[in-house]
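Here is what each chain is made of, one letter per residue.
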Amino acid sequence: MEWVAMFIDYHVHTAMSGDAKGELAEYVEIARNRGLTEIGVSDHYHPEEHEYSMSYEELAEYVKKVQLLKKRTDFPVKLGIEVDFIPGLESKIERVAKLKHFDYVIGSVHFINNWGFDDPKYISEYQKWDIVELYGTYFSLVQQCAKSGLFDIIGHLDLIKKFGYEPKADMTDVFMNTVKVFKESKVCVEVNTSGLSAPCREIYPSKAFLKICFDNGIPITLGSDAHAPEDVGKNFSQSLKLIREVGYENIARFTYRKLELVEI
Ligand SMILES: [Zn+2]
Ligand SMILES: [Zn+2]
């Protein structure tokens, strides 16, 4: 039987995101050695100043750097970006998302009212929430993120589970409503392996959630969320197993914001 036709990591951070290390060229070499077929870099951009984000001025340097490497290497490299979705700042996001040269734009929710809920520094804040309510609030932001029409891919879909705070209620309706919005907004969902290294010990999204995506025809991309070159493609065999179990036979690939489905 045919093995992996395309194996693509679209979510890696270089030293240009404040919390990551390594140059893109190192990422590319590791991707090649690990048998990946394409890599996309997605450094981090917050529409307002943030310690883990490139500034608007640094963006030009980032784009130039990636374009230069694209020309120098024979390995397929894509220029992406991971942008924080913050409601009310859509116009600031738009001026970045609409810049030419990007192959894809990932929209991610990392903040609930200014609370960086995925940052271990602020974990105590979970105590103040009813977790069912927290999930509802988080997924309404994810829905707004998709509806904004600014993004191609929704990053780490159920990141809110990162520290293992589980809602004591069935969330199926919330998941189904969210996927309905994805379908209307024509966005992809990212299957992100970094959750396996977090306290939740599970890929983003969960199998049940991914199944709802599959049943509704939502395309997927693959991402490791590597913050160091050695993490490129990390745990992708588990991703592959999961997506196959759910039923996926294709993943999405992007070129200048145009989606193409390729076999896995
Ligand atoms: Zn992220
Ligand atoms: Zn990321």
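The model shown is predicted, which means the values in this text are computed figures rather than measured ones.

*Asks:* If you had to explain the coordination of the zinc ion (ligand 1) to someone new, which residues and values would you point to?
*Replies:* Metal coordination angles have textbook ideals: 109.5 degrees for a tetrahedral set of four donors and 90 or 180 degrees for an octahedral set of six. Each protein donor to the zinc ion (ligand 1) is listed here as E82 (OE), H110 (NE2) and H156 (NE2); together their distances run 2.1 Å. All donors of the zinc ion (ligand 1) come from a single chain, and their spacing in sequence reads E-x27-H-x45-H. Between the zinc ion (ligand 1) and the zinc ion (ligand 2), a spacing of 3.3 Å is present, and a bridge between the two is formed by E82. Taken as a pair, E82 in strand 4 (residues 77-84) and H110 in the loop between strand 5 (104-108) and strand 6 (111-112) lie far apart in primary sequence, 28 residues in all. Given a relative accessible area of 7%, H110 falls into the buried group.

*Asks:* Residue-level account of the coordination of the zinc ion (ligand 2), with values.
*Replies:* At 2.0 to 2.3 Å from the zinc ion (ligand 2) lie its protein donor atoms, namely H11 (NE2), H13 (NE2), E82 (OE) and D225 (OD). Classification of the site at the zinc ion (ligand 2) as irregular follows from its four donor atoms and the range of 80 to 170° in their angles at the metal. Considered as a linear motif, the donors of the zinc ion (ligand 2) on their single chain read H-x1-H-x68-E-x142-D.

*Asks:* I'd like a rundown of the pairing of strand 12 (residues 258-263), residues and numbers included.
*Replies:* The two faces of the sheet receive side chains in turn, since in a regular strand these alternate between them. Sheet topology note: the strand 11 (residues 250-255)/strand 12 ladder contains six bridges and is antiparallel. Note that in strand 12 the partner of I251 across the bridge is V262. Where strand 11 hands over to strand 12, the hairpin turn is made up of two residues, of which Y256 adopts a positive phi near 45°.

*Asks:* Outline the pattern of salt bridges, supporting the account with residue identities and numerical values.
*Replies:* Under the criterion given, the structure shown has 16 salt bridges. For the salt bridge of D158 with K161, the shortest nitrogen-to-oxygen distance reads 3.0 Å. What makes K161 buried here is its relative accessible area of 8%. E260 serves as the salt-bridge partner of R253, at 3.5 Å between the closest nitrogen and oxygen. On the accessibility criterion, E260 (37% relative accessible area) is partly exposed. Look at the salt bridges and you will find they share partners, linking E38, K78, R253 and E260 into a network.

Rules and cut-offs
Residues numbered from 1 in each chain as written. Chains lettered and ligands numbered in written order. Predicted model: local features only at pLDDT ≥ 70, side-chain atom pairs only at ≥ 80, totals over all residues. Heavy atoms only, no water. Donors = N, O, S within 2.8 Å, 3.2 Å for Na, K, Ca; no water. Helix = DSSP H or I, 4+ residues; strand = E, 2+ residues; numbered from the N terminus. Buried < 20%, exposed > 50% of the residue type's maximum accessible area, 1.4 Å probe, protein only. Tetrahedral: all angles 85-135°; square planar, octahedral: opposite > 155°, others 65-115°. Pairing = 2+ DSSP bridges. Salt bridge = Lys/Arg side-chain N within 4 Å of Asp/Glu carboxyl O.

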